Structure formats: C-alpha cells, structure tokens
Amino acid sequence: QVQVVESGGGLVQAGGSLRLSCTASGLTFDDYHMVWFRQAPGKEREGISCISRTGRNTYYADSVKGRFTVSRDNAKNTLYLQMNGLVPEDTAMYYCAAARTCIKYSSGGYISYWGQGTQVTVSS
C-alpha cells in the first residue's frame, strides 16, 4: 500500500519561512521523481517544483524560483520544500506526488501517486 504524506504546513507571516516535508512509503522512493504542487481556492493546480530521482536535477515554476528550494533525502524516503520569503500569494494547499519523470510536471503529467496535502497560509 503506497502512502504519500505531507506535513509542515501552517500559518506564517509574510516574509517568513516554512519547510514542508513529504514522506513516502510502500514504494521504492528513489525510483521516482518527486513533485510539489499547490492549489489556492478558485485557482488551478500549479506545479511548482520537481526533483529527479537522485536530486541531481531540480525545476521550479517562475512563481517560486529563487524563494523555494526542493530537496530529498532518499535514505529517509522524504521530500522537502524549503519556502523562504513567503508572500500571501503562496497561500494554498500544497501537495507532493511521485512521478515517472519531471517532464510536464507543471501540468501534472506522469504522476503515479498523490499525497493528501498540507495547508500553508501566509498572512499579510
């Protein structure tokens, strides 16, 4: 049984930082590229970052580039998203997912498993 579980969301003031974690089980973690998505109310889901199986390659949406950093610890079956310089526009439900490739990650392509999400709220 595959489980992908996000944690670390919460309420933070604008300009603050937060680190999200995503722990996967029931799969061979380093077989998968890992993706972070977010979705705010009334908006479409946005793929914001992808990291390759070993962490060699990383990709970011323009909306978060320079502020967010994706990483992974394969020994812990864990994906991370370090979020700095948060702004209210970052408020959203954040999801992680296991993917076969980072190609088309921004639109949700090649996703094998989804997490349940963790809420991030940035106050002004």
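Thresholds, definitions, all that
Here the residue numbers are simple positions, counted from 1 along each chain's written sequence. A pLDDT threshold of at least 70 governs which residues receive local features in this predicted model, and a stricter bar of 80 or more applies before side-chain atom pairs are shown or counted, although totals over entire chains, interfaces and linings include all residues. Hydrogens are left out, water is left out, and the side-chain values use all remaining heavy atoms of the structure. Helix and strand labels come from DSSP, where a helix needs a run of H or I of at least four residues and a strand needs a run of E of at least two; each type is numbered from the N terminus. The definition of a polar contact used here is a pair of N or O atoms within 3.5 Å, where within protein one atom must be able to donate a hydrogen and the other to accept one, and adjacent residues in sequence count solely through side-chain atom pairs. Contacts between residues were defined by any pair of non-hydrogen atoms, one from each residue, lying within 4.5 Å. Each residue is placed in one exposure class: buried if its accessible area under a 1.4 Å probe, protein chains only, is under 20% of its type's maximum, exposed if it is over 50%, and partly exposed if it falls in between. Two strands are said to pair when DSSP picks up at least two bridges between them. A pairing counts as a salt bridge when a side-chain nitrogen of Lys or Arg comes within 4 Å of a carboxyl oxygen of Asp or Glu. The disulfide criterion used throughout: a pair of cysteine sulfur atoms within 2.5 Å.

Draft legend 1. Molecular detail of the side chain of histidine 33. Mapped onto the secondary structure, histidine 33 falls in strand β4 (residues 33-39). Within the structure, the side chain of histidine 33 is placed 3.4 Å from the backbone oxygen of arginine 100, a separation counted as a polar contact. Aside from chain neighbours lying at most four places away, what touches histidine 33 is Cys50, Ile51, Ser52, Arg53, Arg72, Ala97, Ala98, Ala99, Arg100, Thr101 and Cys102.

Draft legend 2. Local environment of the pairing of strand β11 (residues 118-123). Side chains Thr118, Val120 and Val122 project from β11 onto a buried face, and the interleaved Gln119, Thr121 and Ser123 project onto a face without burial. Pairing of strand β2 (residues 10-13) with β11, which is carried by 4 bridges, proceeds in the parallel orientation. Note that in β11 the partner of leucine 11 across the bridge is threonine 121. In this sheet, β11 lies alongside strand β9 (residues 92-99) in antiparallel orientation, the contact comprising 3 bridges.

Draft legend 3. Structural view of the pattern of salt bridges. Throughout the structure, instances matching the rule amount to 4 salt bridges. Note that arginine 38 is salt-bridged to glutamate 46, the shortest N-O span being 2.9 Å. What makes arginine 38 buried here is its relative accessible area of 7%. Salt-bridge contacts for lysine 65 lead to aspartate 62; the nearest nitrogen and oxygen are separated by 3.5 Å. Residues joined by salt bridges that share partners form a network here, namely Arg38, Glu46, Arg67 and Asp90.

Draft legend 4. How the structure looks around the state of the cysteines. By the definition in use, this model includes 2 disulfides. There is a disulfide in this structure between cysteine 22 and cysteine 96, and the S-S distance comes to 1.8 Å. Linking cysteine 22 and cysteine 96, the disulfide has an S-S dihedral of approximately 60 degrees and is accordingly described as right-handed. In this pair, cysteine 22 is assigned in strand β3 (residues 18-25) and cysteine 96 in strand β9, connecting sequence segments 74 residues apart. As far as burial versus exposure is concerned, cysteine 22 and cysteine 96 are alike and both buried. Disulfide pairing is shown between cysteine 50 and cysteine 102; the S-S distance is 2.0 Å. Because the torsion about its S-S bond is -85 degrees, the bridge between cysteine 50 and cysteine 102 counts as left-handed. Here cysteine 50 is found in strand β5 (residues 46-51), whereas its partner cysteine 102 is found in the loop between β9 and β10 (111-114), with 52 residues between them in sequence. Here cysteine 50 and cysteine 102 have matching classes, each one buried.

Taken by themselves, the reported measurements are silent on function.
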